[in-house]
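Letter by letter, the chains look like this.
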Amino acid sequence: MSAPTSRTDKGTRGFELDLHVTFTRPLPEAQARAALLALPGFTVDLYRPHPNPTGQPHTGQTPPTLEEAPGVPSARLTGPLTDPDAVRAGLAALLGGDARYVEVGLRGFLRSAQGQTEWMPWRRNVVLPRADVARITFEESIRFVLE
């Protein structure tokens, strides 16, 4: 019988930047992507309302496609934090333009061998005025909300 090991075959653990941006108004996709160029190098997921949120059967009319749906109200960016000062500058640019508020922090994750990512809950939230981008410290498991 072999001794137990602490090694896990379940995947990779670590911390990544997790950033949510809510726009002042829903933006067309191209404009939302252009605004997010202030934060290059991250994976971008645009959130938008579902074209048929109630799942009502259509009444002979063609349901709207994603391209016809209203604009993008918010987005999520994830990825490794390589340059904290560049992220702060990008956040300042977003908050000076199209962003209503931003949530940002280094979030713990567990990625399975199949590629699914399980995000850990935040330990603490820190709410800051939107002009205080310089106070973001990128501590693990702490989410900063700038509004």
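Structure shown above.
The paragraphs below set out a description of the structure included in this document. Predicted, not measured: the structure shown is a model, and the values here were computed from it.

## Re the side chain of Arg76
Along the chain, Arg76 turns up in strand β3 (residues 72-79). Within the structure, the side chain of Arg76 is placed 2.8 Å from the side chain of Asp18, a separation counted as a polar contact. Setting aside chain neighbours within four positions, we find Arg76 in contact with Asp18, Leu19, His20, Thr43, Val44, Asp45, Tyr47, Arg107 and Trp119.

## With respect to the pairing of strand β1 (residues 11-27)
Examined bridge by bridge, β1 and strand β4 (residues 99-112) share 13 bridges and lie antiparallel to one another. Across the sheet, Thr22 pairs through a bridge with Tyr101, a residue of β4.

## Quick word on unusual backbone geometry
One non-glycine residue, Phe138, lies in the positive phi region at around 55°. The residue Phe138 is located in the loop between β6 (124-128) and β7 (142-146) in this model. Although it is not a glycine, Ser141 sits at a positive phi angle of roughly 70°.

## Here's the deal with the pattern of salt bridges
For the structure shown, the criterion picks out eight salt bridges. For Arg33, the salt bridge identified is with Glu29, shortest N-O distance 3.1 Å. Taken as a pair, Arg33 and Glu29 lie in helix α1 (residues 29-36) at a separation of four residues, close to a single helical turn. The exposure class of Arg33 is partly exposed, given its relative accessible area of 40%. A relative accessible area of 35% places Glu29 in the partly exposed class. Several salt bridges share partner residues, and in doing so they unite Asp18, Arg76 and Arg107 into one network.

## Here we look at helix α2 (residues 84-95)
Between its first and last C-alpha, α2 extends 16 Å over 12 residues, near the 16 Å set by a 1.5 Å rise per residue. Turning to α2, its buried residues are Val87, Arg88, Gly90, Leu91, Leu94 and Leu95. Buried residues of α2 fall within an arc of 165° about the axis and therefore sit on the same side. Here the buried face of α2 lies against β1, α1, β4 and β7.

## Regarding the nonpolar core
Counting 30 residues, the largest nonpolar core has Leu19, Val21, Leu91, Val104 and Ile136 as its most contacted members. Broken down by secondary-structure element, the contributors of at least two residues to this core are β1, α1, β3, α2, β4, β6 and β7. Ranked by the residues each element gives to this core, the list is headed by β1, at five residues. When residues no more than four places from it in sequence are discounted, the contact partners of Leu19 are Leu39, Ala75, Arg76, Leu77, Leu91, Val102, Glu103 and Val104.

## As for α1
Those residues of α1 that fall on the buried side of the exposure criterion are Ala32, Ala35 and Leu36. Down the axis, α1 shows its buried residues gathered within 100° of arc, on one side only. In this structure, the buried side of α1 is in contact with β1, β2 (43-47), β3 and α2.

What counts and what doesn't
Residues numbered from 1 in each chain as written. Predicted model: local features only at pLDDT ≥ 70, side-chain atom pairs only at ≥ 80, totals over all residues. Heavy atoms only, no water. Helix = DSSP H or I, 4+ residues; strand = E, 2+ residues; numbered from the N terminus. Polar contact = N/O pair within 3.5 Å; in protein donor to acceptor, adjacent residues only side chain to side chain. Contact = heavy atoms within 4.5 Å. Pairing = 2+ DSSP bridges. Salt bridge = Lys/Arg side-chain N within 4 Å of Asp/Glu carboxyl O. Buried < 20%, exposed > 50% of the residue type's maximum accessible area, 1.4 Å probe, protein only. Expected span 1.5 Å × (residues − 1). Arc of directions from axis to C-beta. Core = buried A, V, L, I, M, F, W, Y, C linked by side-chain atoms within 4.5 Å.

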